[in-house]
Amino acid sequence: MRIGIIGGGPGGSVAAATFRRLGHEVHLFEAEVFPRFHIGESLLPCNLPIYEGIGLPASALAAQGYMPKLAAYFELVNHNKTCRFPFADGLAGDPPSIFQVERSHFDHVLLKHAVSLGAKLYCPVRVVKVDLPEKAGVCPVIHHDDGTPGKDVALEVDFIVDASGRDTFIGRQLGIVDREGDLMRAAVYGHVAALPLAPNAQRGDIVISKCPAGWSWQIPLTDTKWSVGLVLKRDEVIKGGTPADVFRANLTHFPELKGRLNGQVPDPVRSTPNISYRVRERVGHRWALIGDAGGFIDPIFSSGVLLATRAGWRLGNALHKLGADGDLSEWKGQTDHDLATFFSFIRLWYDGHFIDNLFFSDNREPSIYQGIISLLAGNTTNLDNKFLAMLNRRMLANKTKTLILN
Ligand SMILES: Cc1cc2nc3c(=O)[nH]c(=O)nc-3n(C[C@H](O)[C@H](O)[C@H](O)COP(=O)(O)OP(=O)(O)OC[C@H]3O[C@@H](n4cnc5c(N)ncnc54)[C@H](O)[C@@H]3O)c2cc1C
């Protein structure tokens, strides 16, 4: 099959590598010159088997010098309450660690890997239009600018994978993106020099702080560079002036982080003014959307890169088996389940004090503790996970799937 992929982020690169390893022809379009900045630096352990599956084992990633991530750490602002979830304490079979990565470097590693497997890279080349067929047997066409704005070069392929991230290329062309997302959050963020560890945290931990105004992250990328960010109500960010103004003004909500920053402010401070959005269809005739191109909710549990790469990996395997006109409903069902599971977990985070009692309690039931860790590692399908079973019940009761996916 001839596969056209829009976007060379983690979703697009992993899809490209998967298709190449299965012997298909891959045309991969990326509009930006790499390395380029990207937010989304904390990976989940369940990413590892996917990278291994495309020929990048943990040893190859460790050789890049990335910071090992062994646990997720949470603190309740102003309450002196913290909890640490080491991945090694999760359910049997889940990988015990992963990495924190500077995305400019990591995305480039994945992209170069896809090219080394034989994907044909068009870069910097922007896809400007796609012709999507309505009946079986007709091929879609990708129109791209060949690196020259205004130019239109057409390429026929058998299947189009949209991995264009928050640009939601096909979603926008078809007019099926709802930007008024469910949670109405925005983020301001950037890089700073080394920070002191939070109490009882360990080197490499992601630190998430929760308060009524929102939440913040601290991610050690190296021993001298950290990523920090605040996730706030969207109105606060839109009305608050420049991203740096918003960052400075809202640090008051996070006194522990403020203390650790000790006057540091990222330079530059970047912002994502509307985090969540929904795309009403994620698969059509000879096209599919993976990763952020298919919708995004909230980055609280660092699930974005995992969901993008897992969807790309599964899509490669499904199309290899079924062919370009195959029925992708099983793939869609798995992808919907992943999204809905994290959506439910995220709703729990924002729902009053439920998560405070669950995360920061001293007498948690051990099976629930293990189950939380397994989901924090990215395992959305373990039938032995009691916490997941509880979330699934909530999903059914709240019709979460309908809310996010239809
Ligand atoms: C504030 C914030 C914090 C986050 N933190 C985390 C985190 O800690 N961990 C985590 O896993 N995720 C996190 N995420 C989510 C993460 O950033 C994304 O889920 C992830 O990057 C999605 O990967 P992707 O491959 O789908 O898209 P992207 O990585 O965005 O890649 C899309 C690529 O497509 C290219 N492109 C777009 N349009 C075109 C076009 N027309 N033609 C050619 N190329 C095109 C772009 O240049 C880009 O390189 C965070 C997100 C936000 C907003």
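Sequence positions are assigned chain by chain, starting from 1 and proceeding in written order. This being a predicted model, a pLDDT of at least 70 is required before a residue's local features are given, and a value of 80 or more before pairs of side-chain atoms are given or counted; all residues contribute to the totals for chains, interfaces and linings. Side-chain numbers come from the whole structure's heavy atoms, not from hydrogens or water.

Novice: Looking at this structure, I do not really get the overall build of the protein. What am I missing?
Specialist: The helix and strand labels rest on DSSP assignments: H or I over at least four residues marks a helix, E over at least two residues marks a strand, and numbering proceeds from the N terminus. In terms of helices and strands, the protein carries 14 helices and 21 strands. A compact globule built from 406 residues should have a C-alpha radius of gyration of about 22 Å, and the protein, at 21 Å, falls within 12% of that. Along the first, second and third principal axes, the C-alpha atoms of the protein reach 60 × 45 × 40 Å. Throughout this description, buried means an accessible area under 20% of the type-specific maximum (1.4 Å probe, protein chains only), exposed means over 50%, and partly exposed covers the range between. When the 406 residues of the protein are sorted by exposure, 55% land in the buried category. Considering only contacts in the protein between residues 6 or more positions apart, those separated by 24 or more positions represent 72%. Surface accessibility follows the Shrake-Rupley procedure with a 1.4 Å probe radius. Residue values consider only the protein chains on display as shielding. For the protein, the exposed surface amounts to about 16300 Å²; the carbon and sulfur share of it is 52%. When charges are counted, Lys and Arg are positive and Asp and Glu negative, with His and the chain ends excluded. Here the site of a charge means atom NZ of a Lys, CZ of an Arg, CG of an Asp or CD of a Glu. Side-chain charges in the protein split into 43 positive and 42 negative, and the spacing between the mean points of these groups amounts to 2 Å. This radius of gyration counts C-alpha atoms alone. The globule rule is 2.2 Å times how many residues there are, raised to the power 0.38. In this analysis, two residues are considered to be in contact whenever any of their non-hydrogen atoms come within 4.5 Å of each other.

Novice: Before we go on, may I ask you to explain unusual backbone geometry in this structure?
Specialist: When glycine is set aside, most residues are seen to have a negative phi, and most peptide bonds are trans. With an omega dihedral of -5°, the bond running from Cys123 to Pro124 counts as a cis peptide bond. Mapping Pro124 onto the fold places it in the loop between strand S7 (120-122) and strand S8 (127-131). Positive phi values are uncommon outside glycine, yet Asp146 reaches one of about 55°. Tracing the backbone shows Asp146 in the loop between strand S9 (141-144) and strand S10 (153-156). Since its relative accessible area comes to 37%, Asp146 is described here as partly exposed. Even without being glycine, Arg286 reaches a positive phi, approximately 65°. Within the secondary structure, Arg286 is located in the loop between strand S19 (283-284) and strand S20 (287-289). Since its relative accessible area comes to 8%, Arg286 is described here as buried.

Novice: Sorry if this is basic, but what is going on with helix H12 (residues 366-376) here?
Specialist: An α-helix turns once per 3.6 residues; consequently, residues spaced three or four apart project the same way. Of all the eleven residues making up H12, eight are buried; the element is thus mostly covered by neighbouring parts of the structure. Residues of H12 that are buried include every one of Ile368, Tyr369, Gly371, Ile372, Ile373, Ser374, Leu375 and Leu376, and no others. Looking at the buried residues of H12, the elements they touch are strand S4 (71-76), strand S5 (81-86), helix H10 (329-350), helix H11 (354-359) and helix H13 (386-398). Downstream of H12 by a residue or two, Gly378 has a phi angle that is positive, lying close to 105°.

Novice: Explain the domain arrangement of the protein here, please?
Specialist: How big an interface is tends to be expressed through the accessible area that disappears when the partners come together. In this entry, domain limits derive from an automatic or database-based domain assignment. Segmentation of the protein into domains returns domain 1 (2-179 + 276-337), domain 2 (185-272) and domain 3 (350-405). Just the C-alpha atoms count here: the centres of domain 1 and domain 3 sit 25 Å apart. The interface is formed by 29 residues belonging to domain 1 together with 24 residues belonging to domain 3. When domain 1 packs against domain 3, the two sides together hide about 2300 Å² of surface, and 64% of this comes from carbon and sulfur. A pairing counts as a salt bridge when a side-chain nitrogen of Lys or Arg comes within 4 Å of a carboxyl oxygen of Asp or Glu. For the interface between domain 1 and domain 3, the tally reads zero salt bridges. Simply put, the buried area is the total loss of 1.4 Å probe accessible area from both parts when two parts are fitted together.

Novice: Looking at this structure, how should I read the side chain of Thr341?
Specialist: Note that Thr341 resides in helix H10. Nitrogen and oxygen atoms within 3.5 Å of one another constitute a polar contact, given that in protein one can donate a hydrogen and the other can accept it, and given that sequence-neighbouring residues count only through two side-chain atoms. A polar side-chain atom of Thr341 sits 2.6 Å from the main-chain carbonyl oxygen of His337. If we ignore the near neighbours within four places in the chain, the residues touching Thr341 are Leu375, Thr380, Leu388, Leu391 and Met395.

Novice: How do you make sense of the nonpolar core when you look at a structure like this?
Specialist: It is characteristic of soluble globular proteins that their nonpolar side chains tend to be buried jointly. Counting residues in each nonpolar core, the largest one holds 106 residues, and the members touching the most others are Ile5, Phe74, Phe301, Phe345, Phe359 and Phe387. No other element matches the eight residues that H10 contributes to this core. Apart from the residues within four sequence positions on either side, Phe387 is in contact with Phe345, Leu348, Leu358, Ile368, Gly371, Ile372 and Leu375. Ranked by size, the runner-up nonpolar core spans 19 residues in total, among them Ala186, Ala213, Leu257 and Leu261. By convention a nonpolar core is built from buried Ala, Val, Leu, Ile, Met, Phe, Trp, Tyr and Cys residues, the set being connected through side-chain atoms within 4.5 Å.

Novice: Which parts of the structure should I look at to understand the pattern of salt bridges?
Specialist: Opposite charge on two side chains permits them to pair, given that their charged atoms come into close proximity. In total, this model carries 22 salt bridges according to the counting rule given. The residue Arg280 makes a salt bridge to Asp178 at a minimum N-O spacing of 2.6 Å. Of this pair, Arg280 sits in the loop between strand S18 (277-279) and S19 while Asp178 sits in strand S12 (residues 177-178), placing them 102 residues apart in sequence. Residue classification places Arg280 among the partly exposed positions, given a relative accessible area of 33%.

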